[in-house]
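In case you want the letters, here they are:
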Amino acid sequence: MSDKPDQDRLYAGDGQSASGDFVFDEAVAAVFPDMIKRSVPGYPAIINMIQLLAERYVQPGSRLVDLGCSLGASTVALALGAGEEDCTVVGVDNAPAMLERARDNLASRHPAIEWVCADVRDYPISDASVVVLNFTLQFLPREDRLTLLSRIHDSLRPGGILILSEKIAGRDEAADTLLTEMHHAFKRANGYSELEISRKRTALENVLVPETMPTHEQRLTSAGFSRVDLWFQCFNFVSMVAHK
Ligand code: GEK
């Protein structure tokens, strides 16, 4: 592949990102759209469907909140889905490199979106119709996940939803091996080398902790959600709608 400035080559050479734990710094922010599209099967489709889900579940005058918004792709989907319903749309991320880029890139086209640099565990949510965790929960320590989901549940209006997208673990070893191998095949087909795939895997080892579908479903139920629907899966990447 020829090198472009916005192409993800972070794990190709011997730059500083080639070793150590994965962090959402300036180098990652600079190549993030390319990285996530080539690494997460179905990501563009999920973003488009978040807009359609928001259109269906938005309530007039409510808040739509994107937790772990990165460069704001899912936040814009919420804003487009909210349409003219007099809502407040907020993107929250604790990585300044991500949030500042989101604000700089999108402020003129979407002036109504509020951008907040905060840890999602501290950000107070209220009066929400749609909350999004699009590949963010997986980065929180496991012991913090239920508290956040319970708080999200309590912040939703009746009829509100949480859209939860996650990389998952297979329910047994054979399933996990298949899903992981197919994910790596997807990355190879998108131009990542074996070295890049294996270095990224090592960097994410203690940073991104996937869980099985039953674990997610049970936790969402414990958090108070009345039902959970799986609406998307491609290999080990899923998205669920959890209903208040
Ligand atoms: C998208 N939703 O494009 N508080 C706030 N932000 C956090 C926290 C935390 N505790 N932990 C991680 N993040 C986006 C993609 S990326 C997914 C989300 C990925 C942020 C982190 O800074 C990063 O921007 C985002 O969560 C995860 O639809 O890189 O696989």
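In this report, the structure presented in the accompanying data block is examined. Quick caveat, the model's predicted, so the values are computed rather than measured. (Residues numbered from 1 in each chain as written. Predicted model: local features only at pLDDT ≥ 70, side-chain atom pairs only at ≥ 80, totals over all residues. Heavy atoms only, no water.)

With that settled, the discussion passes to the overall build of the chain. Helix and strand counts for the chain come out as 8 helices and 7 strands. Relative to the globule expectation of 18 Å for 244 residues, the C-alpha radius of gyration of the chain, 18 Å, shows essentially globular dimensions. By principal-axis analysis of the C-alpha atoms, the chain measures approximately 50 × 45 × 30 Å. By residue count, 51% of the 244 residues in the chain fall in the buried class. Counted over contacts in the chain with a minimum sequence separation of 6, partners at least 24 positions apart contribute 75%. Summed over all atoms, the accessible surface of the chain reaches about 11,300 Å², with 51% contributed by carbon and sulfur. Distance from the positive charge centre (24 side chains) to the negative charge centre (34 side chains) of the chain: 2 Å. (Helix = DSSP H or I, 4+ residues; strand = E, 2+ residues; numbered from the N terminus. Rg over C-alpha atoms; globule rule 2.2 N^0.38 Å. Buried < 20%, exposed > 50% of the residue type's maximum accessible area, 1.4 Å probe, protein only. Contact = heavy atoms within 4.5 Å. Areas by Shrake-Rupley, 256 points an atom, 1.4 Å probe, with all protein chains shown as cover. Lys, Arg positive; Asp, Glu negative; His and termini not counted. Charge placed at Lys NZ, Arg CZ, Asp CG, Glu CD.)

Near the ligand there are 22 residues, and of these Tyr 43, Gly 68, Ser 70, Asp 93 and Asn 134 occur at the shortest range. Separating a nitrogen atom of the ligand from a side-chain N or O atom of Asn 94 is a distance of 3.2 Å. Taking 650 Å² as the accessible area of the ligand by itself, protein coverage stands at 94%. With respect to the detected pockets, the ligand is housed in the largest pocket. (Near = heavy atom within 4 Å. Polar contact = N/O pair within 3.5 Å; in protein donor to acceptor, adjacent residues only side chain to side chain. 1 Å grid on protein atoms, 1.4 Å probe; cavity = no way out; pocket = protein on both sides within 12 Å on 5 of 7 lines; lining within 4 Å. Sits in = over half its atoms within 2 Å of the grid points.)

Right, let's talk about the pattern of salt bridges for a bit. Think of it this way: side chains of opposite charge can pair up when their charged atoms draw near. Summed over all chains, the structure comprises 8 salt bridges. With a closest N to O distance of 2.8 Å, Arg 145 and Glu 211 form a salt bridge. Taken together, the residues Arg 145 in helix α5 (residues 142–155) and Glu 211 in the loop between α7 (194–204) and α8 (213–222) connect sequence positions 66 residues apart. Arg 145 gets classed as buried once you look at its relative accessible area, which sits at 0%. (Salt bridge = Lys/Arg side-chain N within 4 Å of Asp/Glu carboxyl O.)

The biggest cluster of nonpolar side chains holds 43 residues, and the ones touching the most others in it are Leu 64, Leu 78 and Val 130. Taken together, the elements giving at least two residues each to this core come down to α1 (26–39), α2 (43–57), α3 (73–82), α4 (96–106), β4 (128–134), β5 (156–167) and β7 (237–243). If you tally residues by element for this core, the top one is α2, at 7 residues. The contact partners of Leu 78, leaving out residues within four places of it in the chain, are Ile 50, Ala 54, Leu 64, Val 65, Asp 66, Val 89, Val 130 and Val 132. In this structure, Val 65, Val 120, Leu 140 and Leu 156 belong to the second largest nonpolar core, which totals 27 residues. (Core = buried A, V, L, I, M, F, W, Y, C linked by side-chain atoms within 4.5 Å.)

For the rest of this paragraph, the subject is unusual backbone geometry. Of note, the phi angle at Asp 127 is positive, near 55 degrees, even though the residue is not glycine. By the secondary structure assignment, Asp 127 is in the loop between β3 (114–117) and β4. The class for Asp 127 is partly exposed, based on a relative accessible area of 36%. Of note, the phi angle at Phe 235 is positive, near 55 degrees, even though the residue is not glycine. With respect to the helices and strands, the residue Phe 235 is situated in the loop between β6 (227–234) and β7.

The next subject is α2. Taking 1.5 Å of rise per residue, the 15 residues of α2 would be expected to cover 21 Å, and the 21 Å separating its terminal C-alpha atoms lies within 8% of that figure. Listed as buried for α2 are Tyr 43, Ile 46, Ile 47, Ile 50, Leu 53, Ala 54 and Tyr 57. The arc that holds every buried residue of α2, seen down its axis, measures 120 degrees, which confines them to one face. (Expected span 1.5 Å × (residues − 1). Arc of directions from axis to C-beta.)

Strand order in the open sheet formed by 7 strands is β3-β2-β1-β4-β5-β7-β6, and the pairing between neighbours is mixed. The sheet is open, and its two edges are formed by β3 and β6, each paired on a single side. Across the sheet, the mean angle separating the axes of adjacent strands is 15 degrees when strand polarity is ignored. As paired elements, β6 and β7 share 7 bridges and run antiparallel to each other. If you follow Phe 232 over to β7, its bridge partner there is Ser 239. The strands touched by α8 are β5, β6 and β7; relative to β7, the strand with the most contacts, the crossing angle is about 20 degrees. (Pairing = 2+ DSSP bridges. Axes fitted to C-alpha atoms, helices over the stretch in contact; angles between N-to-C directions.)

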